[in-house]
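Residue-level listing of the chains:
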Amino acid sequence: MTEQELARALMMQGILSAQQVQEAAKQRSGGKRFAQVLVDNGWASRSDIMALDPTALQAESTSLNFTKKDTDTAPAQTGLGQGEQRDLDDTGVRIHGEEDRHDDPNLGPIILYVNELLKIAVQMRASDMHLEPREDGLLPRYRVDGQLRAGGLIPKELMPPILSRLKVLCHLDITEQRLPQDGRFRADIGGLTFDFRVSTLPTIYGEKIVIRLLDRSSLVTDLRQLGFQGDTRDTFQDMLQRSQGMILVTGPTGSGKTTTLYAALAATRDDTKNVITVEDPVEYELTGVNQTNVHPEIGLTFAAQLRSILRQDPDVILVGEIRDGETADIAIRAALTGHLVLSTLHTNSAVAAVTRLQDMDIAPFLIASSLSGVVAQRLVRMICRSCRVRMGEDDPEYEAWVSRLNLEPGFPLYHGEGCEECNDRGTRGRLAIIELLPVEREIRRAIMNKASSMDLRDIAIANGMRTLWQDGLSKLRQGLTTPDEIARVLLGTEEGIDEESPATAGAGGPAH
Ligand SMILES: [Zn+2]
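Residues numbered from 1 in each chain as written. Predicted model: local features only at pLDDT ≥ 70, side-chain atom pairs only at ≥ 80, totals over all residues. Heavy atoms only, no water.

Looking now at the packing of aromatic side chains. Evaluation of the coordinates by the stated rule reveals four aromatic pairs. Between the aromatic rings of F185 and F196, the centroid separation amounts to 4.8 Å while the plane-to-plane angle is 15°, which identifies the pairing as stacked. Here the residue F185 occupies a position in strand β6 (residues 181-189), and F196 occupies one in strand β7 (residues 192-203), the gap between them amounting to eleven residues. We note that F185, like F196, is buried. Judged by centre distance (4.7 Å) and plane angle (10°), the ring pair of F228 and F236 falls under stacked. One exposure class covers both F228 and F236, and it is buried. Chaining the aromatic ring pairs together yields one cluster made of F185, F194 and F196. Positioned above the aromatic ring of Y414 is the side chain of R388, whose terminal nitrogen or guanidinium carbon lies 5.4 Å from the ring centre. (Phe/Tyr/Trp six-rings, centres within 6.5 Å; stacked < 30°, edge-to-face > 60°. Helix = DSSP H or I, 4+ residues; strand = E, 2+ residues; numbered from the N terminus. Buried < 20%, exposed > 50% of the residue type's maximum accessible area, 1.4 Å probe, protein only. Lys NZ or Arg CZ within 6 Å of the ring centre and 35° of its normal.)

A general feature of soluble globular proteins is that nonpolar side chains tend to end up buried together. Of all hydrophobic cores here, the largest spans 64 residues; its most connected members are M246, L248, L357 and L413. Looking at which element gives the most residues to this core, the answer is helix α13 (residues 325-336), with six residues. Among all residues touching L413, those that are not within four sequence positions of it are V389, R390, M391, Y398, W401, V402, L407, L476 and P483. Core analysis: the second largest hydrophobic core is formed by 55 residues, A7, V114, L131 and L169 among them. (Core = buried A, V, L, I, M, F, W, Y, C linked by side-chain atoms within 4.5 Å. Contact = heavy atoms within 4.5 Å.)

Before going further, it helps to examine empty space enclosed by the protein. Unfilled space is identified by rolling a water-sized probe across the atoms. All told, the structure shown has two cavities of 30 Å³ or more when counted by the stated rule. The space that makes up the largest cavity amounts to roughly 40 Å³. Taken together, M382, I383, R385, R388, G479 and L480 make up the lining of the largest cavity. Residue classes in the lining of the largest cavity are distributed as three nonpolar, one polar and two charged. (1 Å grid on protein atoms, 1.4 Å probe; cavity = no way out; pocket = protein on both sides within 12 Å on 5 of 7 lines; lining within 4 Å. Points joined across faces, edges and corners; volume = space filled by probe spheres on them. Nonpolar A, V, L, I, M, F, W, Y, C, P; charged D, E, K, R; others polar.)

Before going further, it helps to examine the environment of D484. Here D484 shows up in helix α20 (residues 483-491). Sequence separation between D484 and V380 is 104 residues, and the spatial gap between their C-alpha atoms is 9.5 Å.

So, on to helix α10 (residues 230-241). The terminal C-alpha atoms of α10, which comprises twelve residues, lie 17 Å apart, in line with the 16 Å expected from a rise of 1.5 Å per residue. Along α10, the residues classified as buried are T232, F236, M239 and L240. Here the buried residues of α10 occupy an arc of 100° about the axis, which is enough to place them on one side. In α10, the exposed positions that point more than 90 degrees away from the buried face belong to D231 and D238. If you follow the buried residues of α10, they end up packed against α9 (223-226), β9 (245-250), α11 (257-268), β13 (340-345), β14 (371-383) and β17 (427-438). (Expected span 1.5 Å × (residues − 1). Arc of directions from axis to C-beta.)

In structure tokens, the structure reads:
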């Protein structure tokens, strides 16, 4: 990418003004790179620039300089000049299974380029990297804290070698370009170990690749770190200590259900228990746990796999997701016969899990007797701790939030101002907003009597259930998240949270 292209892209993203571009062009005359001038002036962050052009901030002499000629010739002929080749240790990327290649003088530019792409994804703390074939090139996009950010277009002629390199890493068929494939590889980057889960999808312009980054060292298995606080955490931990019963985690896609399941599993795990999972697919490899994948294409569905697992003398069973009545039925029967069963359901609230199971034709008495508890959750971005500030009460924005969220006067609200730690985003990491419904006597009786979810909810609240809304406000008050985030995940789905019930004053949500 030329400096003009970089400038144009940053302007289009609204990061840079035309005036700053002119000023930067003047300042760079001292031999400094254009991108470096932008960073030094604080006009663009390193990650903004890296996302567009991975090499823009490198010293001139070591930039990976691809031209059409370089890629047309043998891969051993690198685009790097003489004596400028870097080994894997320098780039900080170490692919597992390729350790013997560290000293390979023929490490091609493509290998280094792909390493560079992986490194950017890691530096940006992306959860996924997309490589999208477009008419005019390959567009990298990075999902950071739930949102996709585009990088700079990679020249079209680099597309085939990059895709081949990624396929080689995952032991996929390089020649197969018409069928979707998936695989994985592991690499150490900057001292952390990542699992990269790769899937390919042929599109009209070529194969699109999505790489999910699973940071093995960052898997949070601490319930408190995930967002379980106070009584909620104690109650949840008690449920996990029981030797039988079913615990469900609910929420929309991307609400962190799987992470909570893994943390729950970690809390139950000990050497005296046989723990088996059936997942679609296995995300993180957990020590001491027998993890299996479903393969619906060969008839190995959740239900089929669950039946086999039950013949393996399990104590704790994790079912990735309950999607159908058959799986629900087997899981519930397992929970009633001396197994602790953990699973997820795609519903918006804890009480809705009960009605969903009823909709799957599970008899109310089976639900009432098997269910130990249901968690409902949402993910919010956390305020960066290094740049968190309290909003002034005379700030018009503060007043707008207090009224929109129906907060009491003086309610403390915080936001991040943006700093180096958070790439100027003001937020860093995510946290779950949690509602936990323990299925105790009264709730159990109500389920047997086919109570509506509205009634179940009222009983639960009367028995002290902290709703998603209440937990959200508590985390807002603690300065863990912003009012925008609470509004985003809780206001938009208000009818979802309350199902058919209107917002109950003080507990359900803001009175509009
Ligand atoms: Zn910050």
